[in-house]
Amino acid sequence: MKINVTDQAGEKHELEGLEGWRVMEVIRDWGLNIKAECGGALSCATCHVYVDGEWLDAVGAPSDEEEDMLDSVGDVKSNSRLSCQILCSDALDGLTLTLAPSAAKD
Amino acid sequence: MSTEITTDVVVIGAGPCGLFAAFELGLLDIKCHFIDILDRAGGQCAELYPEKPIYDIPGFPVVTGQQLTDNLMAQIAPFSPEFHFSRMVNSLEKLEDGTFKLQTDADETFYTKVVVIAAGGGSFQPKRPPVPEIEQFENKSVFYAVRKMDDFKDQDVVIVGGGDSALDWTLNLEPIVRTLTLVHRRDAFKAAPASVNKMKELVADGKVNFQLGQVAKLDGENGQINHVHLTTDAGDLSIPATRLLPFFGLTMKLGPVADWGLELNDNTIVVDTEKFETSVPGIFAIGDINYYPGKLKLILSGFHEAALMAQAAKAIISPGERVVFQYTTSSTKLQKKLGVA
Ligand SMILES: Cc1cc2nc3c(=O)[nH]c(=O)nc-3n(C[C@H](O)[C@H](O)[C@H](O)COP(=O)(O)OP(=O)(O)OC[C@H]3O[C@@H](n4cnc5c(N)ncnc54)[C@H](O)[C@@H]3O)c2cc1C
Ligand code: FES
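Note that the coordinates shown come from a computational prediction; the quantities given were computed from them, not determined experimentally.

## Side note on the environment of threonine 46 of chain A
Residue and element names in this part refer to chain A. Secondary-structure assignment places threonine 46 in the loop between α1 (23–29) and β3 (48–51). On the basis of relative accessible area, threonine 46 is assigned to the buried category, the value being 4%. Residues threonine 46 and methionine 1 lie 45 residues apart in sequence; the distance between their C-alpha atoms is 24 Å. Apart from the residues lying within four places of it in its own chain, the contact partners of threonine 46 are Ile34, Lys35, Ala36, Glu37, Ser102 and Ala103. Within the structure, threonine 46 has its side chain in polar contact with the backbone nitrogen of glutamate 37 (distance 2.9 Å).

See below:
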């Protein structure tokens, strides 16, 4: 499956996603600008992304715990998600998203 | 007021690995002082995941971050380490006589024979909201913590966030400010229910202005804000404000550790695997902050590193003294130190 990511600098990347992996892990392992401080444990919100409108239904709504974590960044939009909470699957082939400013490394 | 402290070992960072180092050093009769930017012990365990279970600590099928911290504190209690919380180690230098001089941002100077850097992923610092040019207002009219209540007296204060810090300071500052606006992106709060109810009462009484939204821009000059612009569902809003307090939690930054002249590998400190000593003799690095071939960033690894580091530190602190290897199970000498024999 493919994931289309626009980074904070506006550059577009097409990444190969691995079934069962978290979208955050794919973005991180490709070396894009994502801090992902807690490694996917839903404890940092430094893997914040904006999911493209047409993909919102497919990724589903964030859990209450994820909403709580999203409170800790100042650039939340209605399409905000934490990418460590999205699992790669065939149903998400072509997923298009943008890295939030607050996901950037130092 | 400046303070000077002379000791055998200073441990920078009271995360799990630093804490266990106090145990291993204690068994060898070495006393240590801890310095940590947080206001309590536990590092990542206490700050990022106090209630999440850890499954890979030997002997504990499951233990939460806070429980592990509490247990480590109980384990090192017999050695009475001294804790200096809420201060950051800014500088570290080796003096001509071989001792180290450390300075904190709380105007303390430590002189020590050995330094153990257990700084983990770096020092915890407040998350800065992505608001343009916020830096120019920081520590003048934008603060990430309340150090002096007086700085907020008779001011127009805007507090941002929905957690305990935001709610606590809304309640604490309300009686002394001129106006207070609480801004949060949604109508649900992750704070103690009692605080949320009290805040809602103040809003109902017209004492606190609650706005759903996010900070977009700040107006002001020479470090002094005069308006906070919000984006809200109902459109943009401009609120007169002289103080802004964003509470978005903490994030880790490597910070001053990078400037101490130690050999680094991609934001971690290079050590040997015999003593876990850095490129400067007498300075050790254990836990997540160190690097060697095969390094695993696990609590378990940091515990092992602490034990070997302590043996090497002993040789520096008491040169010539023979250290006899002993087990805590069978040595009455060690048991006496632990207060169990
Ligand atoms: C969500 C999450 C889940 C995890 N789960 C596990 C797990 O299941 N098993 C496991 O083994 N590990 C796990 N880890 C990793 C584990 O937490 C770390 O390996 C461990 O905390 C490292 O301990 P440490 O003592 O080296 O550093 P830290 O815990 O990072 O503590 C370092 C301390 O040093 C302080 N400090 C740094 N620089 C300075 C300075 N200049 N001045 C003053 N103070 C300073 C910091 O404030 C901090 O308190 C997890 C981590 C996270 C975030
Ligand atoms: S990586 Fe920390 S919340 Fe996603």
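## Thoughts on the nonpolar core
Counting residues in hydrophobic clusters, the biggest one holds 68 residues, and the most contacted among them are Val9, Leu102, Ile117 and Ile286 of chain B. Valine 9 of chain B has contacts with Leu25, Ile30, Lys31, Cys32, His33, Thr112, Val114, Val116 and Ile317 of chain B, leaving out every residue within four places of it along the chain. Val5, Leu42, Cys47 and Leu99 of chain A belong to the second-largest nonpolar core, a separate cluster that totals 31 residues.

## Quick word on the UniProt feature "binding site: FAD" (unreviewed entry) in chain B
All names here are of chain B. As annotated by UniProt and renumbered to match this structure, "binding site: FAD" (unreviewed entry) occupies Cys17, Asp36, Gln44, Tyr49, Val89, Phe124, Asp288 and Thr329. With a sequence span of 313 residues, these residues are also far apart in the fold, their greatest C-alpha distance being 37.3 Å. In contact with phenylalanine 124, other than residues within four places in its own chain, are Ile37, Leu38, Gly43, Gln44, Glu47, Leu48, Leu250, Thr251 and Met252. Relative to the helices and strands, aspartate 288 is located in the loop between β20 (283–285) and β21 (290–291). Given a relative accessible area of 19%, aspartate 288 falls into the buried group. Those residues in contact with aspartate 288 that lie beyond four places of it in its chain are Gln44, Gly120, Gly121, Thr268, Lys295, Lys297 and Leu298. There is a polar contact of 3.2 Å between the side chain of aspartate 288 and the side chain of glutamine 44.

## Some words on the site of ligand 1
Around ligand 1 lies a shell of 35 residues, among which Asp36, Gln44, Tyr49, Asp56 and Asp288 of chain B are the nearest. More than a single chain frames ligand 1: its nearby residues are located in chains A and B. Take valine 89 of chain B: an N or O atom from its main chain is 3.0 Å from a nitrogen atom of ligand 1. Within the backbone of isoleucine 299 of chain B, an N or O atom sits 2.9 Å from an oxygen atom of ligand 1. About the coverage of ligand 1: the protein hides 93% of its 1000 Å² of free accessible area. Of all elements in the fold, only α1 (16–27), β2 (32–36), α2 (43–47) and β9 (123–126) of chain B reach the threshold of two or more residues within the shell around ligand 1. Looking at which element gives the most residues to the shell around ligand 1, the answer is α1 of chain B, with 3 residues.

What counts and how
Throughout, a residue's number is its position along its own chain's written sequence, starting from 1. The order in which chains are written sets their letters, starting at A; the order in which ligands are written sets their numbers, starting at 1. Only residues with pLDDT of 70 or above have their local features reported here, since the model is predicted, and side-chain atom pairs are shown and tallied only from 80 upward, although totals for entire chains, interfaces and linings are computed over all residues. Heavy atoms throughout the structure, all of them, feed into the side-chain values; hydrogens and water do not. Strands are runs of DSSP state E lasting at least 2 residues, helices are runs of H or I lasting at least 4, and numbering of each runs from the N terminus. Burial classes follow relative accessibility: with a 1.4 Å probe on protein chains only, a residue under 20% of its type's maximum area counts as buried, one over 50% as exposed, and anything between as partly exposed. Contact criterion: two residues are considered in contact whenever any of their non-hydrogen atoms come within 4.5 Å of each other. Any pair of nitrogen or oxygen atoms within 3.5 Å is treated as a polar contact; in protein, a donor-acceptor pairing is required on top of that, and neighbouring residues in sequence qualify only through side-chain atoms on both sides. Residues belong to a common nonpolar core when they are buried Ala, Val, Leu, Ile, Met, Phe, Trp, Tyr or Cys residues joined through side-chain atoms within 4.5 Å. UniProt positions are given in the numbering used here, feature names are shortened, and annotations may be inferred rather than shown by experiment. The criterion for a residue being near a molecule or strand is simple. One of its heavy atoms has to lie within 4 Å of it. Computed with a 1.4 Å probe, the accessible areas rest on the Shrake-Rupley method; for each residue, only the protein chains presented here act as cover.

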